[in-house]
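Observations on the three-dimensional arrangement
Take a look at the letters that make up each chain.
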Amino acid sequence: MDAPDYYSLFNPQIIDSAEYHPNYFIDIAREFSPNTDDDQTPNLKEWGEYFGHSVQSNDIRKLVYGYNQNILTFLTNAVKNRKITTPDSLLGNTAIDQVFVTNNVEVFEYLAFAYQAADYAVAGVWDGEAESKKTITELIRIGTNLYKKCANNFLKIRYGYQLTRLAHISKDYEQATSFFDTYVASSKTESIIRYWALNYKAGACKWLGESAESIYNYANVFAHCKSRRAHAMQDFSQLGYVTRPTTWDSAIKLCKNADEKVNLWAMRGFTGFYVAENYSYVFSPSDWGLNTYYDSAFECLQNIAKINPASKYLEPLLGQAIQMIEYNKLNTKRLTRNGGYNSMDFYENRSSLPYAEPSALRDIVNKIKANPKTKRPYFWNYASAYLSYLMKDFKEARNELKVAESKHTTDKFLAKEIASLEAIMKLDEATSVTPELETYLLNTLTQFDIKPFSRKEEWTYNFFDRDYNPSHTWKYIMDKMSDLYDKDGNFEMSEICEPTLQLYSMMDYDTTDMLLKFISKEDKTPFQKYAATFYPAKISALYNLEGTILMGRNDFYGASVRFKKSDDSLTEKDYLTADPFFIRMRDCHDCDYDSTSKMKHLTKLEFCEKMLELEGKKDQLKPDASAEVYYQLANAYYNLTGYGNCWRALSFAEHCSLSLRQDCSKAEEYYKKAMKLTRSKEFAAKCCFMAAKCEQNTFYNLFAEFNSWDTELRQEGTKEKYRYQTNFATLTTRYSDTKFYQQAIKECGYLRRYAKK
Amino acid sequence: MSLTTKNTKLKTTKKHKENLVCFVKTFVPFVVIFSFIFILFSCKKHHHITHKNFYHWQSEFNISDSGKQRLKELNITRLYTRFFDVVWDKEANQPMPTSVVKFQSTMPYGIEIIPTIYIKNEVFLKLNDNAITKLSQNISHKINAMAVENKIPFTALQFDCDWTEKTSAKYFQFLKNITQLNPKKRLEATIRLHQVKYFIKTGVPPVNRGALMFYNMGEVSDFNTTNSIFDEKTAKEYLHNFDKYPLPLDVALPLYHWGVVFHNGVAVRLAYGLTNTDCSQNINLEKIAKNKYVAKCNTIVKNHRILQGEIIRLEVADAELSAQAAALISPYIKNDSLSVTIYHWDEKNIIHYSTPQIEKIFNALR
């Protein structure tokens, strides 16, 4: 299931946390990673502070990320030996210039080493283990010497990072932790690099089986280093803390202060579902109750609130906990009606997910909101209201909403959600549609700009974008109104609020016309007008649809009137796919369909007008000419059926077999008429043959089951079939001496078999 | 000519005729019968099995003494050992090795190790033409380095890549480079059924031999699939163009099992090694179809965590099925001699099969 496929009325936009957006939604939590920065930005910021304002940021970027070991080694030598000429390509770089001016060769020395280490980190993966170890050992030796020589703390911590990383890559985890402790932890320099290195130490601890230490370190990376946050979370989630409480307790004991404890709980809260979905563990069931599933968000929220009720993690974790409840409790109705895995069976049998009971969560929320240290207490009032709503305690919900409204001043997102929840509750209480209800809802929807759910890209959801509108309030309101309209017998509005009819597949004139009349009429209530603007089938398309349906009924006049009213620009679907007046001896659906020039044939309107013209004159001409007109008309009627080359003309949907017309009786009638009128025996033979085809098609339309592998059924079918071969009888008795007959008997196996009998 | 001579001649001739008739009467029936038998058995293609092998695909190469003994009993001559995979690393924006095997036991005596490398097709989709040489050098270097470090002499290499029409040019160039870098090694590539059926489009890799993967032909993620490991109906749809396929083919057959776990109808993971016994003995799993179980509540089965409502579809390729698969493909392999490899060596799984049962798989191709 995907986020748009279920109701979520708790809009994450109200959560004040651009940095820690929760893992919405459960099924996409796998693909979701929290807001992260790239590595370069914070590092370049630090280099910028190191170099000072006189150096341009682009030059720093070039120096730190844009060169290579050879260039930096050259520059190192050039500083030491001023006789070496700097090539033109390196001139003008203000960062390089400053190093030369200040004689700060250590910068180049460090960067040369960093490039070398970074290159090997990528290229070295292709070496064998022993080879790689040898190379890294040498790099570590070089790096350690450079560290010892270096007097610059800004660079020293960076050496520490490189050494920790190299040791980690060579899988010498003890050395990695040792390097971190010696060269990074001991440094007093504030730098993001500390956490880059800490990430490696955390990984090393993991490999050394020091789970508690590993978890503790990952939590610190999570808290302080955006660019490594997702990675830390991923590794953290593999550490089995869920199933080994002792590991968790040990990790908590490592925390030096309340903030660190909160970080640990927060990380656990955000990664909890990763654990369930992606990894299997070896553990003993006695460690953990199998039947009490683990809702990390709820538990962590509780623990963080105890430690720091003003923590920035509380709101996003609450959002996550509410999402879990919504998934399980709120969704008694499916939003989408696609096939595949969203079909009813899977929806109704969907796996439940762990969630806290709303009452339990509300208790925690109420404690948080009552705490004077809480940030944004009005948010917690709203959250309490929402949970009360989920518990159907509307009175309590309204009380809390009043408090929230009184406390907040300028939070427009919250104002919108307060109004939304009021509207939802009013709707839930309503038993029928009233003008007051319509007015109230319309005012709420328009005043607060509550819109339908929007999806920016297929399958990706940018929940960090506050302009993104992930709430289903609009859809929920419309769906509920649809139910109420339906109860009140207002079929049109029920359909308009919640489009369920597959109009283009149904091809039902009465339904289409009813909707068309309703949407077109002026005297609708403001709410009805508003809702109609969202209905997917617009007036023009409905006229087009009606015209097509009437065309299928051979009402070419009615069809042409509708087509003229449809003022959409013509698309491929408005053109016939072949010449409807051209016929073949053997049916070949798509032989006449030229895929390279779909739009060269008649439009549906032109076809209807042509048919009207031919119908008008068919009885006005001399017999032979009249026969020809009847023949053309017969061809057209035949080609509009599923047996002909314009079968798509009566289809609207992409894949539509329902609208295929199979009835060839009109075509048969006209072929026979042509046969009677014409004085040409050859032409009559042709008409008779075509009439025979129609008759045979009629047999198959009526008795399709006789064309089965079942012998008994086939025998039954054979008996019936004779009754539908009167035209074959005529053809063989009257026209067997014609050239056409000779050709037909060669091409048509059915005729051959009949003739043999 | 005197009458005697003539008579003698006549007598001789007559005797010869009699002898001839006797010969014909005696031996022709046998000839006819033998011809019939010959023709009858000619319809079934016979192969000479040159090597009986297993794939070793686990991340740790750790064969116990009993495992080595079993390999010996089965007369296994080669272990196609996955050395590492190559995937496209988004961060580094280049191909990187991953899941490098760790050799933790000595090599089984008398068995040749064939380094096998799996390369994701995505690598060749994203790789620039001018990076192919570097990739082949890197991979070749790593294979040789690992072989030297672990004292593994090898005479052949196998590459496993589900290449497509789009990636064929780059993949084939890569293989050519590998050949140049390892001129004394025999080069093999896995071939999937669709790559035979549509070989005109997808091409034929420039290798010495192909290893036809006669398994994994179904759509594992499709809820309605019965057994994605081997499905005879699906397999038959692909049994075309073998007579025209220009590369000599060896055959790889399955002998493994797993559970496909579906969450709301979507395949979310594979539960390796899961069996019917594991599921039927778990009180929290309810059988809903021949090879499907649903979790009545959250549960753990053989270290796999299954959430309430999730459905497990068990798929098995046992020795019986594998032998059937072998019999099915046998007539289509036109080369007389072939090497047969079973996927894959897992001691915990292999102990469930007797030597005759496994022999039956190989024999089905004889």
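A brief structural summary. From a predicted model like this one, the values you see are computed outputs, not experimental measurements. (Residues numbered from 1 in each chain as written. Chains lettered and ligands numbered in written order. Predicted model: local features only at pLDDT ≥ 70, side-chain atom pairs only at ≥ 80, totals over all residues. Heavy atoms only, no water.)

A short note on the overall build of chain A
Our working definition: Helix and strand assignments follow DSSP, with helices taken as H or I runs no shorter than four residues and strands as E runs no shorter than two, numbered in order from the N terminus. Exposure classes here rest on a 1.4 Å probe applied to the protein chains alone. A residue is buried below 20% of its type maximum, exposed above 50%, and partly exposed in between. Accessibility throughout is a Shrake-Rupley quantity obtained with a 1.4 Å probe, and a residue counts as covered only by protein chains that appear here.
Counting its regular elements, chain A contains 36 helices and zero strands. Each of the 757 residues in chain A was classed as buried or not, and the buried ones make up 56%. Put simply, chain A shows about 34400 Å² of open surface, and 50% of that area lies on carbon and sulfur atoms.

Focus on the overall build of chain B
Operational definition: What makes two residues a contact is simply this: any of their non-hydrogen atoms within 4.5 Å.
Scanning chain B for helices and strands turns up twelve helices and 18 strands. A burial count over chain B gives 50% of its 366 residues as buried. Restricting to contacts in chain B with at least 6 residues of sequence separation, those with at least 24 account for 73%. Roughly 18100 Å² of accessible area belongs to chain B as shown, and the carbon and sulfur atoms make up 56% of that amount.

Some thoughts on the packing of helix α5 (residues 105-123) of chain A against helix α7 (residues 153-169) of chain A
Think of two packed helices as two axes; the pair is described by the angle between the axes and how far apart they sit. Residue and element names in this part refer to chain A. Note the following rule: Helix axes use the C-alpha atoms of the stretch in contact, all axes being lines fitted to C-alpha atoms, and the angles between their N-to-C directions lie in the range 0 to 180 degrees. Any angle that is under 35 degrees is reported as roughly parallel, and any over 145 degrees as roughly antiparallel; angles of 65 to 115 degrees are reported as roughly perpendicular and all others as oblique. Should the near helix be turned anticlockwise from the far one by less than a right angle, the crossing is left-handed, and should it be turned clockwise, the crossing is right-handed. Each residue receives one of three labels: charged for Asp, Glu, Lys and Arg, nonpolar for Ala, Val, Leu, Ile, Met, Phe, Trp, Tyr, Cys and Pro, and polar for the others, Gly being one of them.
Packing of α5 against α7 brings their axes to within 11 Å, and their N-to-C directions diverge by 20°. Accordingly, the angle class assigned to the pair α5 and α7 is roughly parallel. For the pair α5 and α7, the crossing hand works out as left-handed. Residues Glu106, Val107, Glu109, Tyr110, Phe113, Ala114, Ala117, Ala118 and Ala121 of α5 form the contact with α7, whose participating residues are Leu155, Arg158, Tyr159, Gln162, Arg165, Leu166 and Ile169. Split into classes, the residues belonging to the contact of α5 with α7 amount to eleven nonpolar, one polar and four charged.

Here we look at unusual backbone geometry
Peptide bonds are mostly trans, and most non-glycine residues show a negative phi. With an omega of 5°, the peptide bond between Tyr343 of chain B and His344 of chain B qualifies as cis. Here His344 of chain B lies in the loop between β18 (337-343) and α11 (347-350). Within the chain, Arg376 of chain A stands out as a residue other than glycine whose phi angle is a positive 50°. Structurally, Arg376 of chain A is set in the loop between α17 (358-370) and α18 (377-390). Non-glycine residue Asn93 of chain B carries a positive phi angle of around 55°. Mapped onto the secondary structure, Asn93 of chain B falls in the loop between β3 (78-89) and β4 (94-98).

Some details on the pattern of salt bridges
All names here are of chain A. Put simply, the rule is: Every case where a carboxyl oxygen of Asp or Glu lies within 4 Å of a side-chain nitrogen of Lys or Arg is listed as a salt bridge.
Going through the model one piece at a time under the given rule, you end up with 42 salt bridges over all chains. We note a salt bridge from Glu138 to Arg141, for which the minimum N-O separation is 2.7 Å. Here Arg141 and Glu138 lie together in helix α6 (residues 129-149), a separation of three residues that amounts to about one turn. Of the charged contacts, one joins Lys201 and Asp181 as a salt bridge, the two residues approaching to 2.9 Å between their closest N and O atoms. With a gap of 20 residues between them, Lys201 in helix α9 (residues 193-207) and Asp181 in helix α8 (residues 173-185) connect regions that are remote in the sequence. The buried category is assigned to Lys201, whose relative accessible area is 7%. Relative accessible area serves as the criterion here: at 39%, Asp181 is assigned to the partly exposed category. Each of the salt bridges in this network shares a partner with another, and the network as a whole consists of Lys80, Glu109 and Lys149.

Re a positive patch on the surface
Defined as follows: The patches described consist of residues with a relative accessible area above 30% and no salt bridge, like charges being joined within 9 Å and nonpolar side chains (Val, Leu, Ile, Met, Phe, Trp, Tyr) within 5 Å. The positive count covers Lys and Arg only, the negative count covers Asp and Glu only, and His and the chain ends enter neither. In plain terms, the charge of a residue is placed at NZ if it is Lys, CZ if Arg, CG if Asp and CD if Glu.
Residues Arg586, Arg752, Arg753, Lys756 and Lys757 of chain A make up a contiguous surface patch of positive charge. The residue Arg753 of chain A is located in helix α36 (residues 749-756) in this model.

Focus on α6 of chain A
Residue and element names in this part refer to chain A. Here is the rule: The span one expects for a helix is its residue count, reduced by one, times 1.5 Å. Arc definition: directions from the helix axis to the C-beta atoms.
With 21 residues, α6 extends 30 Å between its outermost C-alpha atoms, agreeing within 8% with the 30 Å of an ideal straight helix rising 1.5 Å per residue. Of the residues making up α6, those classed as buried are Ser132, Ile136, Leu139, Ile140, Gly143, Thr144, Leu146 and Tyr147. One side of α6 carries all its buried residues, which in axial view fall inside an arc of 160°. Opposite its buried face, α6 presents the exposed residues Lys134, Lys148 and Lys149, each directed more than 90 degrees away. Packing partners of the buried residues in α6 comprise α5, α7 and α8.

A word on the environment of Gln69 of chain A
All names here are of chain A. Tracing the backbone through its elements, the reader meets Gln69 in helix α3 (residues 69-80). Accessibility expressed as a relative area gives 25% for Gln69, which makes it partly exposed. Ignoring anything within four residues of it in the chain, the contact list for Gln69 reads Ala112, Tyr115 and Gln116.

As for the packing of helix α21 (residues 435-447) of chain A against helix α22 (residues 473-487) of chain A
Residue and element names in this part refer to chain A. It is at 12 Å that the axes of α21 and α22 come closest, and there the two elements cross at 165°. With respect to their mutual orientation, α21 and α22 come out roughly antiparallel. Crossing angle aside, the handedness with which α21 passes α22 is left-handed. Side by side, α21 and α22 meet where Leu437, Glu438, Leu441 and Leu445 of the first sit next to Trp474, Ile477, Met478, Met481, Leu484 and Tyr485 of the second.

Some thoughts on the side chain of His304 of chain B
To keep it simple, the criterion reads: We call two N or O atoms a polar contact when they sit within 3.5 Å, provided that within protein one can donate a hydrogen and the other can accept it, with sequence-adjacent residues counted only if both atoms are side-chain atoms.
Inspection of the secondary structure assignment puts His304 of chain B in strand β16 (residues 304-306). A distance of 3.2 Å separates a polar side-chain atom of His304 of chain B from the backbone oxygen of Tyr272 of chain B.

Some words on the nonpolar core
How we decide: We define a nonpolar core as any set of buried Ala, Val, Leu, Ile, Met, Phe, Trp, Tyr and Cys residues linked to one another through side-chain atoms lying within 4.5 Å.
Core analysis: the largest hydrophobic core is formed by 97 residues, its most contacted members being Phe83, Ile119, Ile139, Phe159, Tyr171, Phe174 and Phe214 of chain B. Take this core: its biggest share by element is seven residues, from helix α10 (residues 319-329) of chain B. The contacts of Phe159 of chain B, once residues within four sequence positions are left out, are Ile117, Ile119, Ile139, Ile143, Tyr171, Phe174, Leu175, Ile178, Leu187, Glu188, Ala189 and Thr190 of chain B. Formed by 90 residues, the second largest nonpolar core is a distinct cluster that contains Cys497, Phe527, Ile583 and Cys664 of chain A.

Quick look at the sheet that holds strand β13 (residues 285-289) of chain B
All names here are of chain B. Quick note on the threshold: For two strands to be treated as a pair, DSSP must find no fewer than two bridges joining them.
Taken in spatial order, the five strands of this open sheet run β12-β11-β17-β14-β13, and their pairing is antiparallel. The open sheet has two free edges, formed respectively by β12 (266-272) and β13, since each of these has just one partner strand. Geometrically, the sheet is characterised by an average inter-axis angle of 30° between neighbouring strands, direction not taken into account. As judged from the three bridges shared by strand β14 (residues 292-295) and strand β17 (residues 311-317), these two strands associate in the antiparallel manner. From the neighbouring strand, Val294 faces β17, where its bridge partner is Ile311.

So, the pairing of strand β9 (residues 209-213) of chain B
Residue and element names in this part refer to chain B. Formally: We call a crossover right-handed when, viewed with the strands running away from us, the connection from the first strand over the helix to the second turns clockwise.
The element β9 is extensively covered by neighbouring structure, given that five of its five residues are classed as buried. Burial along β9 is two-sided: the residues Arg209, Ala211 and Met213 and Gly210 and Leu212 are all buried. As for the winding sense of the linkage, the β-α-β connection from β9 through helix α8 (residues 232-237) to strand β10 (residues 249-254) is right-handed.

Section: the side chain of Ser384 of chain A
All names here are of chain A. The residue Ser384 is located in helix α18 in this model. Of note is the side chain of Ser384, whose polar atom sits 2.7 Å from the side chain of Asn366. Discounting residues that sit within four places of it in the chain, Ser384 has contacts with Arg362, Val365, Asn366, Lys369 and Glu400.

Focus on the environment of Leu640 of chain A
Residues and elements named next belong to chain A. Inspection of the secondary structure assignment puts Leu640 in the loop between α30 (623-639) and α31 (665-677). For Leu640, a relative accessible area of 1% gives the class buried. For Leu640 and Gln662, which are 22 residues apart along the polypeptide, the C-alpha to C-alpha distance reads 8.7 Å. Leaving out residues up to four positions away in the same chain, Leu640 has contacts with Met551, Phe607, Cys646, Trp647, Ala649, Leu650 and Arg661.

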